[in-house]
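# Structural characterization, general
This is what each chain is made of:
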Amino acid sequence: MMRVEVYLLLLSVATGSAIIFGTRGERWLGATILAGNVLTLLVERILGEIYASVSFGYLALDALLAATLCLIAVRFPSWVAICVAAFQINGTLGHLVKLLAIHTIPFSYAFLLKVWAWPMVLSLFAARCLPAMRTTLLARNWRPLARRYGRP
């Protein structure tokens, strides 16, 4: 039970500091992660915890959050945005593992769904301590795009 309390504390500090002190992209990330956790709790209350089969409510919510976080990472590219979006995609794919491999042990499925949230929140928290993680990445410096925008 202590893990839940530690996670909620870390979630509050990471998302709160991102929303209050973060860059524009971090504010969007913090708000989206916080909203995703609240919506997940609501889905869990409505549907209950079912790890024996894929919950399409969880799958739909996680897919929506993955798409939203990917859009944020494209609009406000930074290492933290890319990492957070990647962890959300990984969590969403956990549902597909159970959907495609129906004999997956329920504990394994539950573990996949629970473990993705920690690195996502830790990445957002690390961005507060490591300025390089929240620095905007300039896509125009990427060689294939440089030619497109008239740079050698």
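This text goes with the structure placed above it.
Cut-off values and rules
- Residues numbered from 1 in each chain as written.
- Predicted model: local features only at pLDDT ≥ 70, side-chain atom pairs only at ≥ 80, totals over all residues.
- Heavy atoms only, no water.
- Phe/Tyr/Trp six-rings, centres within 6.5 Å; stacked < 30°, edge-to-face > 60°.
- Lys NZ or Arg CZ within 6 Å of the ring centre and 35° of its normal.
- Patch = residues over 30% accessible without salt bridge, like charges linked within 9 Å, V, L, I, M, F, W, Y side chains within 5 Å.
- Areas by Shrake-Rupley, 256 points an atom, 1.4 Å probe, with all protein chains shown as cover.
- Salt bridge = Lys/Arg side-chain N within 4 Å of Asp/Glu carboxyl O.
- Helix = DSSP H or I, 4+ residues; strand = E, 2+ residues; numbered from the N terminus.
- Buried < 20%, exposed > 50% of the residue type's maximum accessible area, 1.4 Å probe, protein only.
- Core = buried A, V, L, I, M, F, W, Y, C linked by side-chain atoms within 4.5 Å.
- Contact = heavy atoms within 4.5 Å.

### A few points about the packing of aromatic side chains
Going through the model one piece at a time under the given rule, you end up with 1 aromatic pair. Over the aromatic face of F76 sits the side chain of R75, whose NZ or CZ is 4.9 Å from the ring centroid.

### A word on a nonpolar patch on the surface
Taken together, the side chains of I19, I20, F21, L34, V38, L39, L42, I46 and L47 present a nonpolar region at the surface, about 870 Å² in accessible area. Elements that contribute at least two residues to the nonpolar patch include exactly helix 1 (2-21) and helix 2 (24-47). By residue number, the principal contributor to the nonpolar patch is helix 2, which donates 6 residues. Classification of L34 as partly exposed rests on a relative accessible area of 34%.

### Things to note about the nonpolar core
Generally speaking, nonpolar side chains in soluble globular proteins are found buried as a group. Counting 22 residues, the largest nonpolar core has L29, I33, L69, V80, V84, V121 and L124 as its most contacted members. Those elements giving two or more residues to this core turn out to be helix 1, helix 2, helix 3 (56-75), helix 4 (79-100) and helix 6 (117-129). The residues contacting L29, other than those within four sequence positions of it, are L69, I72, V80, A81, V84 and L124.

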